[in-house]
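# Breakdown of the fold
What follows is each chain in one-letter form.
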Number of protein chains: 6
Amino acid sequence: MTDGLTAIYPGTFDPVTNGHLDIIERAARHVARLVVAVSQNPSKTPLFSLEERIALAKEVTASIEHVEVDSFDGLLVEYAGRKGAKVLIKGLRAVSDFEYEMQMAQMNVRLAEVETLFMVASPRHSFLSSSLVKEVARLGGDVEGLVPPEVARRMKERFRGD
Amino acid sequence: MTDGLTAIYPGTFDPVTNGHLDIIERAARHVARLVVAVSQNPSKTPLFSLEERIALAKEVTASIEHVEVDSFDGLLVEYAGRKGAKVLIKGLRAVSDFEYEMQMAQMNVRLAEVETLFMVASPRHSFLSSSLVKEVARLGGDVEGLVPPEVARRMKERFRGD
Amino acid sequence: MTDGLTAIYPGTFDPVTNGHLDIIERAARHVARLVVAVSQNPSKTPLFSLEERIALAKEVTASIEHVEVDSFDGLLVEYAGRKGAKVLIKGLRAVSDFEYEMQMAQMNVRLAEVETLFMVASPRHSFLSSSLVKEVARLGGDVEGLVPPEVARRMKERFRGD
Amino acid sequence: MTDGLTAIYPGTFDPVTNGHLDIIERAARHVARLVVAVSQNPSKTPLFSLEERIALAKEVTASIEHVEVDSFDGLLVEYAGRKGAKVLIKGLRAVSDFEYEMQMAQMNVRLAEVETLFMVASPRHSFLSSSLVKEVARLGGDVEGLVPPEVARRMKERFRGD
Amino acid sequence: MTDGLTAIYPGTFDPVTNGHLDIIERAARHVARLVVAVSQNPSKTPLFSLEERIALAKEVTASIEHVEVDSFDGLLVEYAGRKGAKVLIKGLRAVSDFEYEMQMAQMNVRLAEVETLFMVASPRHSFLSSSLVKEVARLGGDVEGLVPPEVARRMKERFRGD
Amino acid sequence: MTDGLTAIYPGTFDPVTNGHLDIIERAARHVARLVVAVSQNPSKTPLFSLEERIALAKEVTASIEHVEVDSFDGLLVEYAGRKGAKVLIKGLRAVSDFEYEMQMAQMNVRLAEVETLFMVASPRHSFLSSSLVKEVARLGGDVEGLVPPEVARRMKERFRGD
């Protein structure tokens, strides 16, 4: 390996939070190419459509070098193969994240020798998750500082029914 | 970043196990240079001297490309800086590993913007640790398959008092 | 602060168990006023209606000093503000409880400087949860000793279809 | 107790995996009679019907001595009583398994003095679960080595819509 | 397997607590022979000598059928082999117990196909450990109800310097 | 209870960190009197003497209302009794903290009906511990922002050998 790493940062990003953005910024410093890969088919009904989630992710990562936003469907390791990536990036906040992610990582090595590199969330984001942010916004709470400003604006619209 | 990553894989390696070797082999595929950094001053009395630990680590990684073995003393992030590395590699086996390592990783970002990339142990090594292997060897148990053959041989000598 | 604490003990209470009651009794000894706050909109369909859950909570806490039962909707920290409470009480049984509750607690400090004080479940209740009790009752198991007698009676009726 | 243990190994087995099979083989060496008890009413819609799940479990355990396959409905401890079993066998893979199972085990002692004996998953199966295997198969991934060959064949058919 | 199980319950038992006694009583109901195996060489200096620990364990288990007390040195799985036991019994109180014990259990299967059957501590003993009990006794706290009466008496003597 | 709570915040405070200070500030808002209780006999050799630890704790908490600093020896619950306190405050950072603290809390209820109220560390301090801070300082790392300025100054002196 001589030309730097291509890595996939997969997720539902419904919506992208400051916690995601922090991982993206930190990971992008160490790889040649970081593909933020928005999952097409979350099992639950998302708040934002795939197109919206991609657009928001693109908007908030526009100024970060080495980052591109894409979407994927099907088996993540096959998608990684198509992108020429042998490495996934995942953020870890908590022990409960860790166990599930450890199982997935071991499965992905087994399925296709795709490695997962875990980065720990910055302390100031360790309590952040898309679902918690949505719950706060749904109940009318203030999500500024938890998500990028553009995302906060869009969530406010969405929950006001615009 | 365009030329690939320099990463540090730090530890006491008293002695290097098949679990360490697995992380080294997997990490080395994705970085331009992997420095296996043997810690000089473990708080407990080690079974093998620093020189022995380095020699064993060199021997078992001799055939793996991109890997070099070194030792360090003092603050790990300062050592990383001297080696031109902005990234540490750590293996995770279990939840209890994770919490301590998460604290260290957050501290290392804070001290010197050095990132830690965590890889999960292969399932077949998830129950392995240097201290457990030493305990087994000390009691006369068979450590083949747990450590490289050369290390097994040296442990047997050590516990027989050679 | 000179006149004692007002604290909120929030939950779905579907239904109130002996584990809840134990936390209520222990917390009530240390605060001037403990508001048992029954959540109006659980995401899942509850076994008991809000009115029933409030009535049962009132009934089983009637003899405990400093305790009142109320219900709330919307953001918990805003409700706390309306009640003049700066403190929430939560019971912890297990590690998995802890991580989620830790995220919520950090979010609530951030949203409104509302603190969460955690109390650990008494050992004899550490395996108790409303959902486990409902599962046992649904399958015809005996829930006496797990919930107050009046609650046990109501669950029996409910699962017999009365 | 003089004639050996009758133990129940309960689960949904949707479908039986190599992880289940490993626990069954290891447990069967130590008990006089191991009843693999397929749960009739999983809360989620299963991939395979109860009959299919029983048939697959019978097929893959046919050659293991002391093992029989049965199904049950209702309270597990009552079923155990009807089978003359005072002991359940459960496999543990991870911390998150452990906490839930610990609560259930303490409840089952309380309800009917039925004990749970936990065995740890073999390292090579520690990342395996029926739901992860189904997810991989649904997305077209290869599940050989994760489930017995006959189960792999049936999953392939199912997800192709046969 | 037709004649019932021989199982080893290993530990330092410095001293035996009501938590140990609970596991012994519950395990002894399900096996033909339960060997309480007192470890000769704890890494720390014990409060009670090996002889004292054995004597106390014998005294408090004297009336429990199928139980014998023994001591061992060296590799536990080799001791189990000498006793004709293929099974260890361990009690689990908490997640932190679990991870270490899971590693040991996987190691013991690997070393000698010796299985570990885990039982969960009764809720009323889940906060009990020999070291916590010793700490309480050392500081003059009351350990009745935490250890058998004879053990409480001996601890009081020991910490008074008798 | 009508006059507000007296609470004990116990610890070794070797030395007091910004994480401790954060808990003290947040707790002091909700109680009538918060006693920061410095433990006399840590099992390990402390970096700072009891007198130094008390002096530093007093210095950094001097401007916080309702707070006093004291030291204690022996059983914590008996000390609490002598201070007229029925409540302990503890900070929780991580799951590993939690399990040990949960055992202690259940023991303290049992010994003397002294309750423990847990507060979660602020995210920005969740990776902080006295021992990690000492390790960083010992190796010449910068601890500003991790401990109060006066403590940082004293640690620098200590590790330079002043």
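Everything numeric here is computed off the predicted structure, so don't read it as measured data.

## A word on the overall build of chain A
Tallying secondary structure elements over chain A gives six helices and five strands in all. Starting at the N terminus, the α and β elements of chain A follow one another as β-α-β-α-β-α-β-α-β-α-α. Relative to the globule expectation of 15 Å for 162 residues, the C-alpha radius of gyration of chain A, 16 Å, shows essentially globular dimensions. Over its C-alpha atoms, taken along the principal directions, chain A stretches across nearly 50 × 30 × 30 Å. Expressed as a percentage of its 162 residues, the buried residues of chain A come to 61%. In chain A, 75% of the contacts between residues at least 6 apart in sequence involve partners at least 24 apart. Summed over its atoms, the accessible surface of chain A is roughly 6500 Å², and 47% of this surface lies on carbon and sulfur atoms. Between the averaged position of the 20 positive side-chain charges in chain A and that of its 23 negative side-chain charges there is a distance of 2 Å.

## Observations regarding the relation of the copies chain D and chain E
Superposition of the two copies of the chain requires a rotation about an axis and a shift along the axis. Each copy superposes on the other: chain D lies on chain E with an RMSD of 0.0 Å after a rotation of 180° and an axial shift of 0.0 Å. Put plainly, the chains are arranged around a two-fold axis. For chain D, the residue whose C-alpha comes nearest the rotation axis is Gly4 of chain D, separated from it by 1.8 Å. A symmetric contact is evident, with 100% of the interface residues of chain D recurring at the interface of chain E.

## Section: the pattern of salt bridges
As enumerated under the stated definition, the model contains 90 salt bridges over all chains in all. The closest approach of N and O atoms between Asp70 of chain D and Lys83 of chain D, which form a salt bridge, is 2.9 Å. On the criterion of sequence distance, the pair formed by Asp70 of chain D in strand 3 (residues 67-72) and Lys83 of chain D in the loop between helix 3 (76-82) and strand 4 (87-92) is long-range, its members being 13 residues apart. Taken together, the salt bridges that share partners define one network made up of Glu52, Glu150, Arg153, Arg154, Glu157 and Arg158 of chain A.

## Regarding the interface of chain D and chain E
The partner chain E presents 33 residues to the 33 residues of chain D that form the contact. Summed over both sides, the interface between chain D and chain E buries roughly 2700 Å², with carbon and sulfur atoms accounting for 65% of that surface. Counting every contact that joins chain D to chain E gives four salt bridges. The residue Arg29 of chain E makes a salt bridge to Glu113 of chain D at a minimum N-O spacing of 3.9 Å. Remark: the boundary between chain D and chain E carries five residue pairs in polar contact (both at pLDDT 80 or more). Among the secondary structure elements, those contributing two or more residues to the side of chain D that touches chain E are strand 4, helix 4 (95-112) and strand 5 (115-120) of chain D. Among the elements that make up the side of chain D that touches chain E, the one with the highest residue count is helix 4 of chain D (seven residues). Of the residues assigned to the side of chain D that touches chain E, the class counts are 18 nonpolar, seven polar and eight charged.

## Quick word on the interface of chain C and chain F
Taken together, the contact between chain C and chain F spans 33 residues of the former and 33 residues of the latter. For the chain C and chain F pair, buried surface summed over both sides reaches about 2700 Å², with 65% attributable to carbon and sulfur atoms. Inspection of the region where chain C meets chain F yields four salt bridges. The residue Glu115 of chain C makes a salt bridge to Arg26 of chain F at a minimum N-O spacing of 2.8 Å.

## Examining the packing of helix 2 (residues 50-61) of chain C against helix 6 (residues 149-160) of chain C
Residues and elements named next belong to chain C. Following both chains from N to C, one finds helix 2 and helix 6 inclined at 150°, their axes separated by 10 Å at the closest point. Judged on the interaxial angle alone, helix 6 and helix 2 are roughly antiparallel. Here Glu52, Leu56, Glu59 and Val60 of helix 2 lie close against helix 6, whose contacting residues are Glu150, Val151, Arg154 and Arg158.

## Things to note about the relation of the copies chain C and chain F
When chain C is brought onto chain F, the operation consists of a screw motion whose angular component is 180° and whose axial shift is 0.0 Å, with 0.0 Å RMSD remaining. A symmetric contact is evident, with 100% of the interface residues of chain C recurring at the interface of chain F.

## Focus: the environment of Thr12 of chain F
Residues and elements named next belong to chain F. Relative to the helices and strands, Thr12 is located in the loop between strand 1 (6-11) and helix 1 (18-28). Accessibility expressed as a relative area gives 30% for Thr12, which makes it partly exposed. Between the C-alpha atom of Thr12 and that of Ser71, which follows or precedes it by 59 residues, the distance is 9.4 Å.

## Let's talk about the arrangement of the chains
Between chain B and chain C there is no contact, and the shortest C-alpha to C-alpha distance separating them is 11 Å. Nothing in chain D touches chain F, and the closest approach of their C-alpha atoms is 11 Å.

## Structural notes on helix 5 (residues 130-138) of chain E
Since the α-helix packs 3.6 residues into each turn, any two residues three or four apart lie on the same face. Residues and elements named next belong to chain E. Within helix 5, the full set of buried residues consists of Ser130, Leu132, Val133, Val136 and Ala137. Considered in projection along helix 5, the buried side chains sweep an arc of 165° and stay on one side of the axis. Immediately downstream of helix 5, the backbone of Gly140 shows phi near 90°, a positive value.

## Remarks on the packing of aromatic side chains
Two aromatic rings, taken as a pair, are described by how far apart their centres are and by the angle between their planes. Overall, the coordinates contain 15 aromatic pairs over all chains when judged by the stated rule. For the pair Phe98 of chain C and Phe98 of chain F, a centre-to-centre distance of 4.8 Å together with 10° between the ring planes defines the contact as stacked. Highlighted residues: Phe98 of chain C in helix 4 (residues 95-112) and Phe98 of chain F in helix 4 (residues 95-112), drawn from two different chains. An identical accessibility class is assigned to Phe98 of chain C and Phe98 of chain F; each is buried.

## A closer look at the confidence of the model for chain A
Of all residues in chain A, 96% attain a pLDDT of 70 or more, and the chain-wide mean is 92. Of the two predicted TM-score estimates for the complex, the pTM is 0.94 and the ipTM is 0.93.

## Observations regarding the pairing of strand 4 (residues 87-92) of chain F
Residues and elements named next belong to chain F. The buried count for strand 4 comes to five of six residues, which makes it a mostly enclosed element. Where strand 1 lies against strand 4, two bridges are found, and the strand directions are parallel. Within the sheet, the bridge partner assigned to Ile8 lies in strand 4 and is Leu88. Where strand 4 and strand 5 (residues 115-120) come together, six bridges link them in parallel fashion. Each residue of the ladder has a partner; that of Lys90, found in strand 5, is Phe118. Following the chain from strand 4 across helix 4 to the adjacent parallel strand 5, one finds a crossover that is right-handed.

## Considerations on unusual backbone geometry
Note the cis peptide between Asp14 of chain B and Pro15 of chain B, where omega equals 0°. Looking at the element boundaries, Pro15 of chain B is found in the loop between strand 1 (6-11) and helix 1 (18-28). Of note in the backbone geometry, His66 of chain C takes a positive phi value of approximately 75° without being a glycine. Along the chain, the position of His66 of chain C falls in the loop between helix 2 and strand 3 (67-72). For Glu113 of chain F, which is not glycine, the phi torsion reads 55° and is therefore positive. Looking at where Glu113 of chain F falls in the secondary structure, it is placed in the loop between helix 4 and strand 5.

## Remarks on helix 1 (residues 18-28) of chain E
All names here are of chain E. With respect to burial, helix 1 is a largely interior element, ten of its eleven residues being buried. Three or more residues of helix 1 are buried, namely Asn18, Gly19, His20, Leu21, Asp22, Ile23, Ile24, Arg26, Ala27 and Ala28. Looking at where helix 1 begins, the residue whose side-chain oxygen comes 3.1 Å from the main-chain nitrogen of Gly19 is Thr17.

## Observations regarding the side chain of Asp22 of chain D
The residue Asp22 of chain D is located in helix 1 (residues 18-28) in this model. Excluding its chain neighbours within four sequence positions, the residues that come into contact with Asp22 of chain D are Ala121, Ser122, Arg124 and His125 of chain D.

## Some remarks on the environment of Arg26 of chain E
All names here are of chain E. Relative to the helices and strands, Arg26 is located in helix 1. Classification of Arg26 by relative accessible area gives buried; the value is 5%. In terms of polar contacts, Arg26 uses its side chain to reach the backbone carbonyl oxygen of Val120, at 2.9 Å.

Criteria and thresholds
Residues numbered from 1 in each chain as written. Chains lettered and ligands numbered in written order. Predicted model: local features only at pLDDT ≥ 70, side-chain atom pairs only at ≥ 80, totals over all residues. Heavy atoms only, no water. Helix = DSSP H or I, 4+ residues; strand = E, 2+ residues; numbered from the N terminus. Rg over C-alpha atoms; globule rule 2.2 N^0.38 Å. Buried < 20%, exposed > 50% of the residue type's maximum accessible area, 1.4 Å probe, protein only. Contact = heavy atoms within 4.5 Å. Areas by Shrake-Rupley, 256 points an atom, 1.4 Å probe, with all protein chains shown as cover. Lys, Arg positive; Asp, Glu negative; His and termini not counted. Charge placed at Lys NZ, Arg CZ, Asp CG, Glu CD. Least-squares fit on C-alpha atoms with pLDDT ≥ 70 in both. Salt bridge = Lys/Arg side-chain N within 4 Å of Asp/Glu carboxyl O. Buried area = accessible area lost by both parts, 1.4 Å probe. Polar contact = N/O pair within 3.5 Å; in protein donor to acceptor, adjacent residues only side chain to side chain. Nonpolar A, V, L, I, M, F, W, Y, C, P; charged D, E, K, R; others polar. Axes fitted to C-alpha atoms, helices over the stretch in contact; angles between N-to-C directions. Parallel < 35°, antiparallel > 145°, perpendicular 65-115°, else oblique. Arc of directions from axis to C-beta. Phe/Tyr/Trp six-rings, centres within 6.5 Å; stacked < 30°, edge-to-face > 60°. pLDDT = per-residue confidence, 0-100. Pairing = 2+ DSSP bridges. Right-handed = clockwise from strand over helix to strand, strands pointing away.

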